[in-house]
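# Tertiary structure, described
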Amino acid sequence: MVTINFHGVLVDLLSRKSADGAVVSFPLERRTSIKDLIESWGIPHPEVDKIVVAGQEVDFAYIVEDGILIEVFPISAQSDFGQPSLLRPTPLDSPRFVVDVNVAKLAAKLRQLGFDTLLPRNCDDNVLAAIAGCQRRILLTRDCNLLKRKIVEFGHLVRAESPNAQLAEVIKLFRLKDKIKPYSRCFQCNGLLVPVAKADVLPYLEPLTRKYYHTFHRCLDCQKIYWSGSHREKMDKILREILASC
Ligand SMILES: [Zn+2]
């Protein structure tokens, strides 16, 4: 028999519940890696922060032996992806994201806070997983099976329903509060925004914008022009509410 003790929020993700909730025991029927065994219970490996067998941390390739007790701990706001760990030996320099279309609104909101965020459209799961793996981006999705792909190293199964609650969830989990640079990135295309002189953008402005606004930014990639208007005040208010809840 093998026993796995799933800790914390991992219990909510279990595909099969045991009477004990967090602890499952079952006969070992085949030779398997600990990654595959944990995932057979519905837990995608990017949601796992630490695995302990007989008091020793092990990595995802560990081959499970009969008779052991496995302790599985979830990623949490205490997990530091900027530091090497046994499961993720190469740390992330900075949090960058790739967002699945099933949480698409999260992409614009992360860009609004200045985070480098891709939102690939019309691509299959293979491409999405490859972008996450090859570019070392955190994959945000509601698709458990997508996160189980081996190439995905960093990722998170988004639990909240509303886009604002999803944003708060991601800010808390990946400790983004201190890294926020509002309005430094284009909401539409993820390009960087740079200050631009009013005279340079004058021909592209509506008459009222031309009259009342004096500070402008332009996206280096798509050339979209941004200025501080009433829409930005509304967004600032929403942002303040979200950050207060984190
Ligand atoms: Zn742009």
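Residues numbered from 1 in each chain as written. Predicted model: local features only at pLDDT ≥ 70, side-chain atom pairs only at ≥ 80, totals over all residues. Heavy atoms only, no water.

### Side note on the pattern of salt bridges
It is possible for side chains bearing opposite charge to pair when their charged atoms get close. Summed over the entire model, instances satisfying the criterion amount to nine salt bridges. In this structure, the salt-bridge partner of Arg137 is Asp116, at a minimum N-O distance of 3.0 Å. Here Arg137 is found in the loop between helix H4 (125-134) and strand S8 (138-141), whereas its partner Asp116 is found in the loop between helix H3 (105-112) and strand S7 (117-118), with 21 residues between them in sequence. Across the pair, Asp116 and Arg137 agree in class, each one buried. One salt bridge connects Lys237 with Glu241, and the closest N-O pair in it is separated by 3.1 Å. In this pair, Lys237 and Glu241 both sit in helix H9 (residues 230-244), four residues apart, roughly one turn of the helix. (Salt bridge = Lys/Arg side-chain N within 4 Å of Asp/Glu carboxyl O. Helix = DSSP H or I, 4+ residues; strand = E, 2+ residues; numbered from the N terminus. Buried < 20%, exposed > 50% of the residue type's maximum accessible area, 1.4 Å probe, protein only.)

### A short note on the side chain of Lys35
With respect to the helices and strands, the residue Lys35 is situated in helix H2 (residues 34-39). Given the relative accessible area of 10%, Lys35 is considered buried. Dropping the residues within four chain positions of it, Lys35 is found in contact with His45, Phe60, Lys148 and Lys150. (Contact = heavy atoms within 4.5 Å.)

### Overview of the coordination of the zinc ion
Coordination of the zinc ion by the protein involves Cys186 (SG), Cys189 (SG), Cys219 (SG) and Cys222 (SG), with metal-donor separations of 2.3 to 2.4 Å. Around the zinc ion sit four donor atoms, and with donor-metal-donor angles ranging over 97 to 119 degrees the site reads as tetrahedral. Counting the intervening residues between successive donors of the zinc ion yields the motif C-x2-C-x29-C-x2-C. Here Cys222 lies in the loop between strand S11 (216-219) and strand S12 (225-227) and Cys186 lies in the loop between helix H6 (163-173) and strand S10 (193-196), a separation of 36 residues in the sequence. According to the relative accessible area criterion, Cys186 is buried, its value standing at 0%. (Donors = N, O, S within 2.8 Å, 3.2 Å for Na, K, Ca; no water. Tetrahedral: all angles 85-135°; square planar, octahedral: opposite > 155°, others 65-115°.)

### Considering the pairing of strand S5 (residues 69-74)
Note that strand S1 (residues 2-6) and S5 share four bridges and pair parallel. Across the sheet, residue Asn5 finds its bridge partner in S5, namely Glu71. Note that strand S3 (residues 48-53) and S5 share five bridges and pair antiparallel. Bridge pairing in S5 links Val48 to Pro74. (Pairing = 2+ DSSP bridges.)

### As for the sheet that holds S10
One open sheet holds the three strands; their spatial order is S10-S11-S12, and the pairing between them is antiparallel. Since the sheet does not close on itself, it has two edges, and those belong to S10 and S12, each with one partner. This sheet shows a mean twist of 35 degrees between the axes of neighbouring strands, independent of strand direction. Note that S10 and S11 share four bridges and pair antiparallel. In the strand pairing of S11, Pro195 is matched with His217. (Axes fitted to C-alpha atoms, helices over the stretch in contact; angles between N-to-C directions.)

### Description of the environment of Ser15
Mapped onto the elements of the fold, Ser15 is located in the loop between helix H1 (10-13) and strand S2 (23-26). As for Ser15 and Ile43, which are separated by 28 residues in sequence, their C-alpha atoms are 7.9 Å apart. Not counting residues within four places of it along the chain, the set of residues in contact with Ser15 comprises Ser40, Trp41 and Gly42.

### Describing the domain arrangement of the protein
Each domain of the protein was delimited in the assignment, giving domain 1 (2-74), domain 2 (97-179) and domain 3 (193-244). On a C-alpha basis, the centres of domain 1 and domain 2 stand 24 Å from each other. Summing both sides of the interface, domain 1 and domain 2 together bury roughly 810 Å²; the carbon and sulfur share of this comes to 54%. Three residues stand out in domain 1 for area buried against domain 2, namely Pro44, Pro46 and Glu47, and they jointly supply 49% of the buried area on that side. (Domains from an automatic or database assignment. Buried area = accessible area lost by both parts, 1.4 Å probe.)

### Let's talk about the nonpolar core
In this structure, Ile4, Phe6, Ile51 and Ile70 are the most contacted members of the largest nonpolar core, which totals 35 residues. Elements supplying a minimum of two residues to this core: S1, H1, S2, H2, S3, S5, H4 and helix H5 (144-147). Counting residues per element, this core draws most heavily on H4, which supplies four residues. Counting contributing residues, this core receives three or more from each of domain 1 (2-74) and domain 2 (97-179). If sequence neighbours within four positions are ignored, Ile4 has contacts with Ala22, Val23, Val24, Phe26, Leu37, Trp41, Ile70 and Val72. Core analysis: the next-biggest nonpolar cluster, separate from the first, contains 29 residues, Leu110, Met235, Leu239 and Ile242 among them. (Core = buried A, V, L, I, M, F, W, Y, C linked by side-chain atoms within 4.5 Å.)

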